[in-house]
Amino acid sequence: MNAEEVIARFKEAGALLNGHFILSSGLHSSVYLQCAIALESTRSAAEFGAALGKHFATSQIDTVVSPAIGGIVIGYEVARQLGVRFIWTEREAGRMTLRRGFQVRKSERVLVVEDVITTGGSTRETIDALLASGADVIAAGSIIDRSGGRADVGVPRVSLATLDVAVVSPDECDACRRGDQAIKPGSRKT
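Residues numbered from 1 in each chain as written. Predicted model: local features only at pLDDT ≥ 70, side-chain atom pairs only at ≥ 80, totals over all residues. Heavy atoms only, no water.

Caption draft 1: Region of the structure containing the overall build of the protein. For the protein, the helix and strand inventory stands at 6 helices and 9 strands. Computed over its C-alpha atoms, the radius of gyration of the protein comes to 16 Å, within 12% of the 16 Å expected for a compact globule of 190 residues. Across its three principal directions, the C-alpha atoms of the protein cover 50 × 35 × 25 Å. Across the 190 residues of the protein, 47% fall into the buried class. Total accessible area computed for the protein in this model is approximately 9,500 Å², and 48% of it derives from carbon and sulfur atoms. Of note, the protein has its 22 positive side-chain charges centred 3 Å away from the centre of its 22 negative side-chain charges. (Helix = DSSP H or I, 4+ residues; strand = E, 2+ residues; numbered from the N terminus. Rg over C-alpha atoms; globule rule 2.2 N^0.38 Å. Buried < 20%, exposed > 50% of the residue type's maximum accessible area, 1.4 Å probe, protein only. Areas by Shrake-Rupley, 256 points an atom, 1.4 Å probe, with all protein chains shown as cover. Lys, Arg positive; Asp, Glu negative; His and termini not counted. Charge placed at Lys NZ, Arg CZ, Asp CG, Glu CD.)

Structure follows, in structure tokens:
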């Protein structure tokens, strides 16, 4: 699956949206990727997972870990393709931690998978939590990198497609200055 096919799948599913959006990072953007819609097709989720998994097939991964919620579907699919276990993280008191009950062994080889990387914040927080638990984080992967390749998560990473989409703080947002209504996808208009 090449980058053009990935973007085409998002467009066909109605998962690549244009407008004025507030991202989960709090930044604003004119483009939003509604991954849940792109991944609601089990066929597409499996194909994205297989394509991403191919990049790590020889990496001797023990476990795939994803930050909840966005990466869970694709993380599961990559783990399934690689034949390894899958776990996820969650925010507890504002800090990314392994989901209750999950553990990693010292030096366990881990791949962190996210649906979309914008700033790399959730992926980096997940990596930090894993390193603090003694894991050996080998790499990170995502379906789409919307940072244009600029997000640094501290380990090598792979994305099936890369978009160079401007993201800005609310005080630098031209749409906000014009008075355009911002939408926080999955939430209410603000």
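Caption draft 2: Looking closely at the pairing of strand β6 (residues 109–117). Counting buried positions over the 9 residues of β6 gives 8, a clear majority of the element. The pairing of strand β3 (residues 63–67) with β6 spans 3 bridges and is classified as parallel. Residue pairing across strands places V65 opposite V112, the latter belonging to β6. For β6 and strand β7 (residues 136–145), the ladder comprises 8 bridges, and the chain directions are parallel. When the bridges of β7 are listed, R109 appears paired with D136. This β-α-β element, β6 to helix α5 (residues 121–132) to β7, shows right-handed connectivity. (Pairing = 2+ DSSP bridges. Right-handed = clockwise from strand over helix to strand, strands pointing away.)

Caption draft 3: Broad picture of the side chain of S159. Along the chain, S159 falls in strand β8 (residues 157–162). A polar contact is formed between the side chain of S159 and the side chain of S142, at a distance of 2.6 Å. (Polar contact = N/O pair within 3.5 Å; in protein donor to acceptor, adjacent residues only side chain to side chain.)

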